[in-house]
Amino acid sequence: MKVIEVKTGMKIPWKARYSLTLLILLPSVLLLCNGQDYGTPTEDGAGGGEPPPEMTRCNGIFMSYSFGSRETEYPHVKNVTAQSWAFKSSAMIVNVGKEELTGWQMFIGFRHKELIVSATGASPVDGDYPLDASNGTTFVGSPNTDLKTSIETAGDFTQISTNIEITGTLFGVAKGVTPMPRTLKLINDGWECPAAKRKGSSMNVCCKRNPKFKVKTGPKTKFAPRRHGDLNIVYDVLQSFGSNYLAQVTIDNENPLGRLDRWNLTWEWTRGEIINTMRGAYTYKRDPSECLYSRAGQYYKDLDFSQVMNCQKKPAISDLPPERKDDNVTGKLPFCCKNGTLLPPLMDPSKSRSMFQLQVFKLPPDLNRTALYPPQHWKIDGVLNPQYKCGPPVRVDPSQFPDSSGLPAVTYAIASWQIVCNITKPKAQASRCCVSFSAFYNSSAIPCNTCACGCNDIDTTTCNADRNPLLLPPDALLVPFDNRTLKAKAWAQQNHMPIPKKLPCPDNCGVSINWHVNTDYRDGWTARLTVFNWRDFAFEDWFVAVEMGKAGPGYENVYSFNGTRVPPNNRTVMFQGLRDMNYLVGQVNGTRPLRDPPVPGKQQSVISFKKKNIKGLNIPEGDGFPTKLFFNGEECALPKHFPKKSLGHRHGISVLMSLVLAIAAFALMMD
């Protein structure tokens, strides 16, 4: 072997020298290869390879979707439509135009019963993971919400593009078929997208500005404009230090029928943060040992974790009770300490907002004042209220506050994020309240639907969860379901109706409402609304909202409640208790508990309607019954049918039935 001598006296074999030379030159070659002007973004946003020809021809927003792979999931079934597959795919959005895109929103039209389990670089606006994307879903940037132009960034792909790596489950696609979305488009206002072009396992589209679109006049914002939803949450950073910051959370109820009682808020810390202190709210769990064994416990070695509020990754947060409002440590914050009650602004604007503050401790590598990241995956719920679905935090312009000095000045937050939550319609057998129908012209009452509020907590082997409920005598609505069986069987025998061997299951609702058509005459008609509380606790400041369809504009008066029309169409009327009668008490024992059934809390009133200027109004054919009914904002399950007027109807018997129900209800109210 030939040996080369160096000045140090060390001898290096020729082959070793050759290998060493290659090692020295190789990085330079790699740097030259990667020194091109543009390339398609990889997972970390760096360039790598030539861009697709469609992107080079696009002058706007270029988007693509590529299906990666899939494999069979358990259980393995023979039915192709029922077989689930784990899949991986990727999507990309690039700003190749001359205009910055703020708050980008990419819609992917999934159509194979996709369930999205995770996605990097973006968050879905339709809810949290796992997300049902059967009808498609919209992704927004997280954390990169805006796409700058190549001109102002010198072609920096980390600022002009975002890659989304998607993992999930799909159903019903045979082997050899590539499950592609139906559509791919940008849904930001003022942008137009043609049909996406598909080639094999990928598809792409180039979206351009609509020249006819008129931009709404208003103040120009640096970040995404603030949006409106049923419930708006803002996460403001008020003070920032190297290792911690002070944040303020503001919750605004903007839906005229939305409401929360004893709200419970959860989110997920994604960077190891912990809550040191709170004002205006508290966490349900406070476990120092959980803190000691966490990453925070390893970093903050001198911190007394017995005084730390919470170290959970997903803390559960609730409002403080009113008696803590003036507490020097935990209270004295505007809009706090209402026991988690958020009323509609139509009822009381001062009670439609909640607020609390928290001191957040951060962990490396986020130990500088500008490293600020909001928590993700927000969820909020109440006791018997609408169910909300929250989108991801979106960076917005900093919030403004009156200056604490009292001077006519404005103070700005350091950074602000908005979370928009919207009410979702309850799924079948998943409501929290239900409605029964009755009428003066029919002797039978139609009770709440079977399992209207679910049957998960009962033994369905003893009852039929799929059978329609049995018709009842009106007075049976005044007693708990367990005490109706004998009345229901006797009523069925008396009216020659079949009695199934396996009786229907109960409705399992904590609150039920009876809507009874009381009278029907030439110029108008009346109804009686009765609210039953089968829970063991009271509802303060309760309300019922009734959407009446065609009959709505004829609303005239309510006699034992306060009634307010709900704009803009005035077909919905909100009813609430009068002063000192705004408590719907809970269920109590009967006068003789060993013999008498429990007595529900109840409120009742007659409501009058006019027929003037309403053509074709037919009360017995359904116009006299609500098309929707809400209790404390929750949409209640309506019966599948309404009472019909039979040919053999005798008015005297119907009036007697109406009197029986009214007298029985009055007697129970006096009990």
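Residues numbered from 1 in each chain as written. Predicted model: local features only at pLDDT ≥ 70, side-chain atom pairs only at ≥ 80, totals over all residues. Heavy atoms only, no water.

In the annotation of an unreviewed UniProt entry, the chain is listed under the name COBRA C-terminal domain-containing protein and assigned to Brassica oleracea var. oleracea. Turning to the chain, the UniProt record has this under Sequence similarities (unreviewed entry): "Belongs to the COBRA family." According to the UniProt record, the Subcellular location (unreviewed entry) comment for the chain reads "Cell membrane". (UniProt positions renumbered as here; feature names shortened; annotations may be inferred.)

> So, helix α7 (residues 485-494): which residues are in play, and what are the values?
Regarding α7, the residues found buried are Ala-488, Trp-491 and Ala-492. Projection of α7 onto a plane perpendicular to its axis shows the buried side chains occupying an angular sector of 100°, all on one side. Exposed residues lying more than 90 degrees from the buried face of α7 are Leu-486, Gln-493 and Gln-494. Packed against the buried residues of α7 are β29 (442-446). One or two steps after α7, the chain reaches His-496, where phi turns positive at roughly 55°. (Buried < 20%, exposed > 50% of the residue type's maximum accessible area, 1.4 Å probe, protein only. Helix = DSSP H or I, 4+ residues; strand = E, 2+ residues; numbered from the N terminus. Arc of directions from axis to C-beta. Contact = heavy atoms within 4.5 Å.)

> Run through empty space enclosed by the protein, naming residues and quoting values.
Any space left empty among the atoms is revealed by the rolling of a water-sized probe across them. Applying the stated criterion across every chain, the model contains 2 cavities of 30 Å³ or more. In this model, the largest cavity occupies a volume close to 70 Å³. Along the walls of the largest cavity sit Ser-123, Pro-124, Gly-127, Asp-128, Gln-376, His-377, Trp-378, Cys-390, Gly-391 and Pro-392, which together make up its complete lining. Mapped by element, the contributors of at least two residues to the lining of the largest cavity are β7 (122-124) and β22 (376-381). At 3 residues, the largest contribution of residues to the lining of the largest cavity is made by β22. Looking at the lining of the largest cavity residue by residue, the classes come out as 4 nonpolar, 5 polar and 1 charged. Two domains share the lining of the largest cavity, each providing at least three of its residues, namely domain 1 (54-209) and domain 2 (231-424). (1 Å grid on protein atoms, 1.4 Å probe; cavity = no way out; pocket = protein on both sides within 12 Å on 5 of 7 lines; lining within 4 Å. Points joined across faces, edges and corners; volume = space filled by probe spheres on them. Nonpolar A, V, L, I, M, F, W, Y, C, P; charged D, E, K, R; others polar. Domains from an automatic or database assignment.)

> Residues and numbers for the pairing of strand β27 (residues 415-424), please.
Counting buried positions along β27 gives 7 out of 10 residues, so the element sits mostly inside the fold. In this structure, strand β15 (residues 231-240) lies alongside β27, joined through 7 bridges in antiparallel fashion. If you follow Tyr-235 over to β27, its bridge partner there is Trp-417. As judged from the 4 bridges shared by strand β23 (residues 387-390) and β27, these two strands associate in the antiparallel manner. Paired with Cys-390 across the bridge in β27 is Cys-421. Where strand β24 (residues 394-396) and β27 come together, 3 bridges link them in antiparallel fashion. Each bridged residue has a counterpart across the sheet, and for Arg-395 the counterpart in β27 is Trp-417. (Pairing = 2+ DSSP bridges.)

> Before we move on, can you summarise the packing of aromatic side chains with the specific residues and values?
Across all of its chains, the model carries 21 aromatic pairs by this definition. Between Tyr-65 and Phe-110, the aromatic rings sit 6.1 Å apart at their centres with planes inclined by 75°, giving edge-to-face as the arrangement. Note that Tyr-65 is positioned in strand β3 (residues 61-72) and Phe-110 in the loop between β5 (105-108) and β6 (115-120), a separation of 45 residues in sequence. Ring geometry for Phe-625 versus Phe-642: centroids 5.8 Å apart, planes at 25°, classification stacked. A residue pair is termed long-range when its members are at least 10 positions apart, and Phe-625 in the loop between α8 (619-623) and β39 (628-631) and Phe-642 in the loop between β40 (634-635) and α9 (651-670) qualify at 17 residues. Judged by its relative accessible area of 25%, Phe-642 is partly exposed. These aromatic residues form a ring-pair network of at least three members: Tyr-235, Trp-267, Trp-269, Trp-378 and Trp-417. (Phe/Tyr/Trp six-rings, centres within 6.5 Å; stacked < 30°, edge-to-face > 60°.)

> Before we move on, could you go through the sheet that holds strand β9 (residues 137-141) and cite the residues and values that matter?
The strands that make up a sheet are held in pairs by hydrogen bonds between backbone atoms, and each pair lies either parallel or antiparallel. With antiparallel pairing, the 4 strands of this open sheet are ordered in space as β7-β9-β5-β11. Only two strands of the sheet have a single partner each, and these edge strands are β7 and β11 (184-186). The mean angle between the axes of side-by-side strands here comes to 30°, regardless of whether they run parallel or antiparallel. In this sheet, β9 lies alongside β7 in antiparallel orientation, the contact comprising 3 bridges. Bridged to Pro-124 within β9 is Phe-139. (Axes fitted to C-alpha atoms, helices over the stretch in contact; angles between N-to-C directions.)

> I'd love a proper account of the pattern of salt bridges, names of residues and values included.
Counted by the stated rule, this structure contains 13 salt bridges. Asp-252 is paired through a salt bridge with Arg-353; the nearest N and O atoms lie 2.6 Å apart. Taken together, the residues span a long stretch of sequence, with Asp-252 in strand β16 (residues 244-253) and Arg-353 in strand β21 (residues 353-361) at a distance of 101 residues. Accessibility expressed as a relative area gives 16% for Asp-252, which makes it buried. One salt bridge connects Asp-366 with Arg-271, and the closest N-O pair in it is separated by 2.6 Å. One end of the pair, Asp-366, is in the loop between β21 and β22; the other, Arg-271, is in the loop between β17 (264-268) and β18 (274-279), with 95 residues separating them in the sequence. Residue Asp-366 is classed as buried on the basis of its relative accessible area of 5%. Among the residues examined, Arg-271 registers a relative accessible area of 28% and is labelled partly exposed. (Salt bridge = Lys/Arg side-chain N within 4 Å of Asp/Glu carboxyl O.)

> Give a description of the sheet that holds strand β38 (residues 601-610) that names residues and reports values.
Strand order in the open sheet formed by 6 strands is β29-β28-β30-β31-β38-β34, and the pairing between neighbours is mixed. Edge strands, defined here as strands with exactly one partner in the open sheet, are β29 and β34 (555-558). The mean angle between the axes of side-by-side strands here comes to 20°, regardless of whether they run parallel or antiparallel. When β34 meets β38, the two strands line up antiparallel, connected through 3 bridges. Considered in β38, the bridge of Asn-557 is made with Ser-608.

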